[in-house]
Amino acid sequence: MPSPGSVQEPARASRRSKITPERAQELYTAVLDLLRESGYDSLTMEGVASRTRCGKSTLYRQWGSKPELVVAALHGSRRTLFSDIDTGSLSGDLHAVAQVVETASGQDTALMHALSHAALQNPDLHLALRTTLIAPAIAAIDAMVERAALRGEIEPHNPAAGYVAAQVLGAMRARSLLEGRYPEGTFLTGFIDCAVLPALGIPAPPPAPHRSGT
């Protein structure tokens, strides 16, 4: 006689198969948008159902609870914003990071703010936030620093090298806390030039010449 678990698992898998990957991605996008707009505490399964015109019972049948749905949305929408950056110099790479941040309009920063408190209370949510947003960004910046050391731009054992990712990502988060706004490219570029590069022994590029009006 089969155990209860062996009966329930195939049935659950069968029910989950009714949502296509394309439809699941639409739901994930809506979940993340709602998180950015109103935060984790205000997110409800009813709100997701209304935004996506999906039955609430379908959401519960597929994911079981709000935390499970948010974790799935994070994993399903994993972003690697900095992974393709390789300009040939660390200064160029970090300036490109600043431009990507500006283009993203603070979306990932807003998402981290929306989830940071809830993630402290939910280990699965914390792990999903770290593996899908934080860890890929850290790995990409660490790779930029490693390439710079291999090129001889920085000393291999420069103690500041291990803090570049923390500085850049910390500045992205800190400005919104301290000043109530997300870091645009100008702010982050200035921070990189004045705080990050000097600690690595890399001279900051000269400022762009001022153009007087004609």
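Everything quoted here is computed from the prediction, not taken from an experiment.

How each quantity is defined
- Positions within a chain are numbered from 1, following the residues in the order the chain's sequence is written.
- Selection of residues for local features in this predicted model requires a pLDDT of at least 70, selection of side-chain atom pairs for listing and counting requires 80 or more, and totals for whole chains, interfaces and linings are taken over all residues.
- Only hydrogens and water are set aside when side-chain values are computed; all heavy atoms of the structure are taken into account.
- A run of H or I in DSSP counts as a helix once it spans at least four residues, and a run of E counts as a strand once it spans at least two, with each numbered from the N terminus.
- Contact definition: two residues touch when any of their heavy atoms are within 4.5 Å.
- The predictor attaches a confidence to each residue, and that confidence, scored 0 to 100, is pLDDT.
- Helix axes are fitted only over the stretch in contact, all axes being lines through C-alpha atoms; the angle between N-to-C directions runs from 0 to 180 degrees.
- Orientation categories follow fixed angle ranges, with anything under 35 degrees roughly parallel, anything over 145 roughly antiparallel, 65 to 115 roughly perpendicular, and all other angles oblique.
- Amino acid classes used here: Ala, Val, Leu, Ile, Met, Phe, Trp, Tyr, Cys and Pro are nonpolar; Asp, Glu, Lys and Arg are charged; the rest, including Gly, are polar.
- Remark: nonpolar core denotes a set of buried residues (Ala, Val, Leu, Ile, Met, Phe, Trp, Tyr, Cys) joined through side-chain atoms within 4.5 Å.
- Only protein chains enter the accessibility calculation, which uses a 1.4 Å probe; a residue whose area is less than 20% of its type maximum is buried, one above 50% is exposed, and one in between is partly exposed.
- Expected span, for any helix, means 1.5 Å times one less than how many residues it has.
- Aromatic pairing here means that ring centres of Phe, Tyr or Trp (its six-membered ring) are within 6.5 Å. Orientation follows from the plane angle: under 30 degrees is stacked, over 60 is edge-to-face, and everything else is tilted.
- Note on criteria: charge over ring means Lys NZ or Arg CZ within 6 Å of the ring centre, with the direction from the centre no more than 35 degrees off the ring normal.
- We score Asp and Glu as negative and Lys and Arg as positive, and we do not count His or the chain ends.
- Whenever Lys or Arg places a side-chain nitrogen within 4 Å of a carboxyl oxygen from Asp or Glu, that contact is recorded as a salt bridge.

Moving on: the environment of T52. Note that T52 resides in helix 3 (residues 45-52). For T52 and A30, which are 22 residues apart along the polypeptide, the C-alpha to C-alpha distance reads 6.9 Å. Beyond its immediate chain neighbours, meaning those up to four positions away, T52 contacts R23, E26, L27 and A30.

Right, let's get into the confidence of the model for the protein chain. The share of residues in the protein chain with pLDDT of 70 or more is 79%, and the mean pLDDT across the chain is 82. For the stretch residues 1-17, pLDDT sits under 50, and the model shows seven contacts to residues farther than four places along the chain or on other chains.

To continue, consider the packing of helix 5 (residues 66-76) against helix 8 (residues 123-151). It is at 9 Å that the axes of helix 5 and helix 8 come closest, and there the two elements cross at 10°. One element, helix 5, and the other, helix 8, form an angle in the roughly parallel class. In this structure, helix 5 contributes V70, V71, L74 and H75 to the contact, and helix 8 contributes D124, L125, A128, L129, T131, T132 and L133. Of the residues contributing to the contact of helix 5 with helix 8, the split by class is seven nonpolar, three polar and one charged.

With that out of the way, let us pick up the nonpolar core. Residues L35, V70, L74 and L115 are the most contacted members of the largest nonpolar core, which totals 31 residues. Contributing elements (two or more residues each) for this core: helix 2 (21-38), helix 3, helix 4 (56-63), helix 5, helix 7 (107-121) and helix 8. In terms of residue count, helix 2 provides more of this core than any other element does, seven residues in total. Non-local contacts of L35, meaning those with residues more than four positions away in its chain, are made with Y40, L43, V70, L111, A114 and L115. Residues A98, V145, L188 and I202 belong to the second largest nonpolar core, which totals 29 residues.

All right, on to the environment of S91 then. On the secondary structure map, S91 appears in helix 6 (residues 90-104). On the basis of relative accessibility, which here comes to 13%, the residue S91 falls in the buried class. Once residues lying within four places of it in the same chain are set aside, the contact partners of S91 are E153, L197 and P205.

Further remarks concern helix 2. Helix length check: helix 2, at 18 residues, gives a terminal C-alpha distance of 26 Å against a target of 26 Å (1.5 Å per residue), a fit within 8%. If you check which residues of helix 2 are buried, you get A24, L27, Y28, A30, V31, L32, L34 and L35.

This next bit is on the packing of aromatic side chains. Scanning the entire structure with this criterion turns up one aromatic pair. Against the face of Y40 rests K66, its NZ or CZ located 4.2 Å from the ring centre.

Turning to its location among the elements, K66 is positioned in helix 5. Despite its burial, K66 remains without a salt bridge, the nearest opposite charge being carried by D41 at 5.3 Å.

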